[in-house]
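Observations on chain architecture
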Amino acid sequence: MTTLSHCALFFLFSLSFLPLSLVSLPTFSISRSPHDNSIVICSVMQQRHQLSCKTFAHQVEDRKYDEIGEFEGVSFSGVVGGDGYVCGLDEDRSNIICWRFGGGDGVVVSKRIYSGPVVDDLASGRERICGVLGGGRSLECWQWRKFKRPGAKFSGGLAVGGDFVCGLVGLGQIQCFGNLSGVGGGVFRGNYSSVAAGLGHFCAISVRGRIKCWGDNLVGDPPKGLFKGLALGDGRSCGIRVDGRVVCWGEGGFRLPWGLEGTSFEAIEANGGVFCGVGTKDYGLYCWGDEVFDANGLVFENVMAGVCRRECPCGASPGAGRFCGQGLMVCKPCDPVPTVENPVPVWVPEPESKHGGVNWTTKNVALLVVGCVGTCSSVILLFVLCFRYKKGTRGSHRVHDSGPLDDVEMPPQLTSPKEAARAPVLEKRLSQMFSMENGGNLEDFSFSVLVRATNSFSDEHKIGSGSFGSVYRATLQDGREVAIKRAQLTKCPSLDGARGGVNYNITKRQDENEYAFVNELECLSRLNHKNLVRLLGFCEDCNEYALIYEYMNNGSLHDHLHNPQTNATMSWPTRIQVALDAARGIQYLHVYADPPIIHRDIKSSNILLDSTWTAKVSDFGLSLMGPQENMSHLSLHAAGTVGYIDPEYFRLQQLTTKSDVYSFGVLLLELLSGYKAIHLNEERMPRNVVDYMVPYIVQDNIHHVLDPKLPPPTPLEIEAIAYIGYLATDCVMLGSQDRPTMSDIVNSLERALLACFAAPALSHSSTNSSS
């Protein structure tokens, strides 16, 4: 087996340790009326995403609660229900509206119980509702008196039991809050993708598809096999196998009705003894578990199978796109990660407690997070190195895209100056760009002017390197200080002493440099923002190509964080301001540029500082124009810098704006800690800043890992810094759908900067618990 094959096998095996949870919202609910025990089924329907409800009664009089769902024409993205209530989450996911019924008079009372930050996950029990609030990933519960909001950061998978709530935290472990006397423990280690709860017990599905349960009132053992969905009722349970078929078990030999045994399901929910599920083929909502559904289990047609999303890490549900429109889709559950024979253990687990929990400590939390994230980062780094070794590349840590960056074909392999002269690809692209009036506001510099300004590009003028060449500082004849990036392409004979004409030594590296040069020129010639480095002009002269920028007097953020010779010390507010400036520049690329631009190489050395310490994003050589924010580039080999590359981009080869968000999260961690993205630990072993920082942040111990070169933060500053730490943790989530947008990041950094001088509420929720 080849070296690359070994690397690929090891990479695929390591994915078995990664959680593949997908935050989702229930789109149908099951409620009971406490007055007459009638069953109310509600669902988000395809047409206008409005709620529709039906009542099923055991008595002769069939009381219908028709007023449910008629709330000023609001569209909804999710719905939950319990005993005597139904609650809907509006389409913007920022308001929860509830209806109470079953008082014996048929009256339905509506009330808005929440308005605030986006809700990313919502779940309910008999009486209580809980949600995960976006951005801060904090847990909030309603209709739960004396509920104390925990400090843990939830990644989804929320489930509400009788007196407790559980959800996924960190990288796949489960944490529960409330009355846990029946389930034992509060943290349950493992690598899980989803959680479901009954009154006094809960079960979870691991990323490998196995079901594991905790609690005192379990009835029957879960069936063997692989599952991707789960619902728990009273003394009975049902699960969706990976092929979509549902299997049920519990008291009295409970099983799926024979008429539904061949039906494939997308999602299932339960309440008490009643179960409902959305069919894959027709998206009809089928219910069972009560005699009222025996005659006909089909309750609704054209039911939403999940919330509409821009990206689906495991693909979209077939045919579900018709529910969303505007390029959105309903995601299908992720299939379990295949089990690898004789896996090598990453760490040795401690003995479990008698209730199935563990003796959990802060050290164990850190070990788990470091183990999971470290495995992922190490595998990615190893895979990159193996790939580069296989391809025979050498040089810097930049990983270039081995495929074309746009529709223009790469030139064929050239073997002679005559053949080279027949392939003027670079000149063609430059001509096309200027024929479209791009770059018309740029100055065209002669190469001789640049030679004089840099003393023939001497080393004393060299200040760094970029995506396609070296960067030099120069002062023009008119007194302007500029930075000149000279492309490392074919050389001019007059400078290199060539006797027989131009040197056409065309190589793959040169092809990459040419494309990087034109990409940067194309991008910057049409952009204008105060937080993007300004391009003044270009040079195309005698086979020499150069770009001329405004000079940034205070160098790069990388130098100020990691160069001990840098005298200026950036205070904590200054660092936050620098992060905010950079975020605004990236937000402009993602949101306001037309077409949008994905930078692909966000890192501290590409954040430059001018004389007023304003930060500006630079180096667009690897950038890509488009696609729109809800789309992705497909089949692109990962490009960027090791330590900053989005693991999902590397694994799935799908590039979106969220890849820049991941890189920016690494930059935030670098800014807080003072450590490089990849640095040496105390044992002189390579370590990723994500592995190092995230465990401390999620345990609210960020003060232990702040940059010691700065004075300790003030009480106001530490609140802002902790807030940014959680923001960075959200940015480096493994699943891109769980990361904030750059607009969200800008808003959060603005609040954090304000908090350094005032005292606004920086909790991860702007609301208090409702009773």
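Residues numbered from 1 in each chain as written. Predicted model: local features only at pLDDT ≥ 70, side-chain atom pairs only at ≥ 80, totals over all residues. Heavy atoms only, no water.

By the naming in an unreviewed UniProt entry, the protein goes by non-specific serine/threonine protein kinase and is assigned to Daucus carota subsp. sativus.

A short note on the overall build of the protein
For clarity, the cut-off: A run of DSSP states H or I qualifies as a helix once it reaches four residues; a run of E qualifies as a strand once it reaches two. Both are numbered from the N-terminal end. For each residue, the accessible area found with a 1.4 Å probe, counting protein chains only, is set against the maximum for its type, and the residue is called buried under 20%, exposed over 50%, and partly exposed in between. Only the protein chains shown count as covering a residue, and every accessible area follows the Shrake-Rupley method with a 1.4 Å probe.
Check the secondary structure of the protein and you find 14 helices and 42 strands. By the burial criterion, 57% of the 771 residues in the protein qualify as buried. As displayed, the protein offers around 32,900 Å² of accessible surface, 50% of which is attributable to carbon and sulfur atoms.

A look at the environment of leucine 532
Basically, it comes down to this: Contacts between residues were defined by any pair of non-hydrogen atoms, one from each residue, lying within 4.5 Å.
Tracing the sequence through the fold places leucine 532 in the loop between helix H7 (508-525) and strand S32 (535-541). Classification of leucine 532 as buried rests on a relative accessible area of 4%. Each C-alpha atom of the pair leucine 532 and lysine 616 lies 4.6 Å from the other, and the pair is 84 residues apart in sequence. What leucine 532 contacts, discounting residues up to four positions off in sequence, is Leu527, Glu550, Gly585, Tyr588, Leu589, Lys616, Val617 and Phe620.

Some details on the sheet that holds strand S6 (residues 95-100)
Inclusion rule: Think of it this way: DSSP has to see at least two bridges between two strands before they count as a pair. Axis lines are fitted through C-alpha atoms, for helices just across the contact stretch, and the angle between N-to-C directions can take any value from 0 to 180 degrees.
With antiparallel pairing, the four strands of this open sheet are ordered in space as S4-S5-S6-S7. Each edge of the open sheet is held by one strand with a lone partner, namely strand S4 (76-82) and strand S7 (109-115). Mean inter-strand twist for the sheet, computed between neighbouring axes without regard to direction, equals 20°. Note that S6 and S7 share six bridges and pair antiparallel. Within the sheet, the bridge partner assigned to isoleucine 96 lies in S7 and is tyrosine 114.

A word on helix H11 (residues 657-673)
Threshold: In this scheme, a helix's expected span is set at 1.5 Å multiplied by one less than its residue total. Contacts described as polar in this section are N or O atom pairs within 3.5 Å, which, within protein, must combine one atom able to donate a hydrogen with one able to accept it, while residues neighboring in sequence count only if both atoms come from side chains.
If you check H11, its first and last C-alpha atoms are 25 Å apart, about what 17 residues at 1.5 Å a residue would give, namely 24 Å. Across the 17 residues of H11, 17 count as buried, placing the element largely inside the fold. One side-chain oxygen of the residue at the start of H11 lies 3.1 Å from the amide nitrogen of lysine 658, identifying that residue as threonine 656. Trailing H11 by a residue or two, glycine 674 shows a phi angle of about 80°, which is positive.

A short note on the UniProt feature "binding site: ATP" (unreviewed entry) in the protein
The cut-off we apply is this: UniProt positions are given in the numbering used here, feature names are shortened, and annotations may be inferred rather than shown by experiment.
When the UniProt feature table is mapped to this numbering, "binding site: ATP" (unreviewed entry) covers Lys485. Here lysine 485 shows up in strand S31 (residues 481-487). The class of lysine 485 is buried, set by a relative accessible area of 4%.

Some details on the packing of aromatic side chains
Put simply, the rule reads: Two aromatic rings from Phe, Tyr or Trp, using only the six-membered ring of Trp, form a pair when their centres are within 6.5 Å; if the ring planes differ by under 30 degrees the pair is stacked, by over 60 it is edge-to-face, and anything between is tilted.
Applying the stated criterion to the full structure yields 17 aromatic pairs. The interplanar angle of 55° and the centroid separation of 6.0 Å between the aromatic rings of phenylalanine 154 and phenylalanine 177 together place this pair among those described as tilted. Remark: phenylalanine 177 occurs in strand S13 (residues 173-178) and phenylalanine 154 occurs in strand S11 (residues 154-160); sequence separation between them is 23 residues. One exposure class covers both phenylalanine 154 and phenylalanine 177, and it is buried. When the centroid spacing of 6.3 Å and the interplanar angle of 10° are considered together, the rings of phenylalanine 275 and tryptophan 288 count as stacked.

Observations regarding the sheet that holds strand S1 (residues 28-32)
If you walk across this open sheet you meet the three strands as S1-S2-S3, and the pairing is antiparallel. The strands lining the two open edges of the sheet, one partner per strand, are S1 and strand S3 (51-56). Across the sheet, the axes of successive neighbouring strands diverge by a mean angle of 20°, strand direction being ignored. With five bridges connecting them, S1 and strand S2 (residues 39-44) associate as antiparallel partners. Note on S2: the bridge partner recorded for serine 31 is valine 40.

A closer look at the state of the cysteines
The condition that has to hold: Working definition: a disulfide is two cysteine sulfur atoms within 2.5 Å of each other.
According to the stated counting rule, one finds seven disulfides in the structure shown. The disulfide partner of cysteine 166 is cysteine 176, and the S-S distance across this bridge is 2.0 Å. On the S-S bond that ties cysteine 166 to cysteine 176, the torsion sits near 110°, and the link is right-handed. Placement of the pair is cysteine 166 in strand S12 (residues 164-169) and cysteine 176 in strand S13, with a sequence separation of ten residues. On the basis of relative accessible area, cysteine 166 is assigned to the buried category, the value being 0%. Owing to a relative accessible area of 3%, cysteine 176 belongs among the buried residues under this scheme. For cysteine 203, the disulfide goes to cysteine 213, at an S-S distance of 2.0 Å. On the sign convention where negative means left-handed, the S-S torsion of about 105° between cysteine 203 and cysteine 213 marks this disulfide as right-handed. One end of the pair, cysteine 203, is in strand S16 (residues 201-206); the other, cysteine 213, is in strand S17 (residues 211-215), and ten residues separate them in sequence. Residue cysteine 203 is classed as buried on the basis of its relative accessible area, which comes to 2%.

Let's talk about the confidence of the model for the protein
Note the cut-off: Every residue gets a pLDDT, meaning the predictor's confidence in that residue, from 0 to 100.
Here the protein averages 76 in pLDDT, while 68% of its residues score no lower than 70. Mean pLDDT across the secondary structure elements of the protein bottoms out at helix H3 (residues 417-421), with 39, and peaks at strand S36 (residues 615-617), with 96. In this model residues 1-23 is a low-confidence stretch, pLDDT under 50, and it forms 64 contacts with partners more than four residues away in sequence or in other chains. For residues 764-771, every residue scores under 50 in pLDDT, and the model assigns this stretch 30 contacts once sequence neighbours within four places are set aside.

Structural notes on unusual backbone geometry
With the exception of glycine, most residues fall at negative phi, and the peptide bonds are largely trans. At tyrosine 283, a position not held by glycine, the phi torsion is positive, near 55°. By secondary structure assignment, the location of tyrosine 283 is in the loop between strand S22 (274-279) and strand S23 (285-288). One non-glycine residue, arginine 600, lies in positive phi territory at about 75°. Along the chain, the position of arginine 600 falls in the loop between strand S34 (597-598) and strand S35 (607-609). Arginine 600 gets classed as buried once you look at its relative accessible area, which sits at 4%.

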